[in-house]
Amino acid sequence: MNSIVVTGCNRGLGLGLVRSLVGRQDPPRTLIATCRDPDKAQELREIAEKHRNVHILSLNVRNYDSFKDFATQVSEIVKDDGLNVLFNNAGVSPKYTRINYVKVDQLLETFQTNTVAPIMLTKALLPLIKKASEKNAGLKMSCKRAAIINMSSILGSIESNKDGGLYPYKCSKAALNMATASLALDLKKDDVLVVSLHPGWVKTDMGGNNAPLGVDTSTESLVDLLHDMGPAHNGGFYQWDGKQLPW
Ligand code: NDP
């Protein structure tokens, strides 16, 4: 792929995705890594200092009013080539969310970050994504052409829900999965690939120390998957190792 935007890159899986992407033999020509406060994103800034293809842009994904300006900044970087991939990675998962403890504020904040933001950011960047698809009209549907990747979770799978609880997180990711399904249908005519991915249960601030997977194991596999996905994957839900998951 020529260009990719990844959100939430100052820590966790977003930072891991940046590391895995720049470490490839064929790294993206342009990697736009966003975070809320670049001044505090030391590790990310160190990567950008070593790799000239990494551009850091400031973005709070709940600040929807900034998306128009953000799209302009992305456009100035990618120019006429458009944007190949939007990877909606930033997310939150509040604690203490069983039915007797869950709060309205937690539900709303989690929906805003995990569901509303990916949809509205997609809307804002869609002209650039469609431009990339048109520019690469000879290629099949893929991340090389144009794609929207939503970082979901197995916890957003209704069929896999055996534990209950986690109302804000589970509902927000189930809703994100529906957004993936609708976007895949809406953008099929434009040959834009749209999928939900589950990174596995990963050792990050969100995943905690008991998680079986390290960040780099997950993100190396996710980047392999980005390279491997084609038209048959469109509108689907997959985990880090490529296995398809139930909705
Ligand atoms: P972390 O908590 O480690 O990191 C979350 C990232 O999202 C941070 O960069 C954070 O930035 C960013 N973020 C949160 N809110 C906003 C916001 N309003 N604007 C911009 N950035 C924001 O989580 P992970 O890295 O583990 O999770 C990344 C994605 O993977 C999430 O979507 C998560 O749901 C998903 N996932 C993770 C799993 C795991 O086991 N770890 C399992 C399944 C899915 P800041 O530092 O500024 O808060």
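This structure is a prediction, so every number in the text was calculated from the model and none was measured. (Residues numbered from 1 in each chain as written. Predicted model: local features only at pLDDT ≥ 70, side-chain atom pairs only at ≥ 80, totals over all residues.)

## Remarks on the confidence of the model for the chain
Link 1 in the chain: Across the chain, the average pLDDT comes to 97, with 100% of residues at or above 70.
Link 2 in the chain: On the interface metric, ipTM, the complex scores 0.99, and its pTM is 0.98. (pLDDT = per-residue confidence, 0-100.)

## Some remarks on the pairing of strand E1 (residues 3–6)
Link 1 in the chain: On E1, burial covers both faces: Ser3 and Val5 on one face and Ile4 and Val6 on the other are all buried.
Link 2 in the chain: Both E1 and strand E2 (residues 30–35) contribute to a ladder of four bridges, which runs parallel. Note that in E2 the partner of Val5 across the bridge is Ile32.
Link 3 in the chain: Between the parallel elements E1 and E2, the chain passes through helix H1 (residues 12–22) in a crossover that is right-handed.
Link 4 in the chain: In this structure, E1 lies alongside strand E4 (residues 85–88), joined through three bridges in parallel fashion. (Buried ≥ 20, exposed ≤ 12 C-beta atoms within 10 Å, placed from the backbone. Helix = DSSP H or I, 4+ residues; strand = E, 2+ residues; numbered from the N terminus. Pairing = 2+ DSSP bridges. Right-handed = clockwise from strand over helix to strand, strands pointing away.)

## Topic: the environment of Glu49
Link 1 in the chain: Along the polypeptide, Glu49 turns up in helix H2 (residues 42–50).
Link 2 in the chain: As for Glu49 and Pro212, which are separated by 163 residues in sequence, their C-alpha atoms are 31 Å apart.

## Section: the pairing of E2
Link 1 in the chain: Counting buried positions over the six residues of E2 gives six, a clear majority of the element.
Link 2 in the chain: With five bridges joining them, E2 and strand E3 (residues 54–58) adopt parallel strand pairing. Considered in E3, the bridge of Leu31 is made with Val54.
Link 3 in the chain: Taken together, E2, H2 and E3 form a β-α-β motif whose crossover is right-handed.

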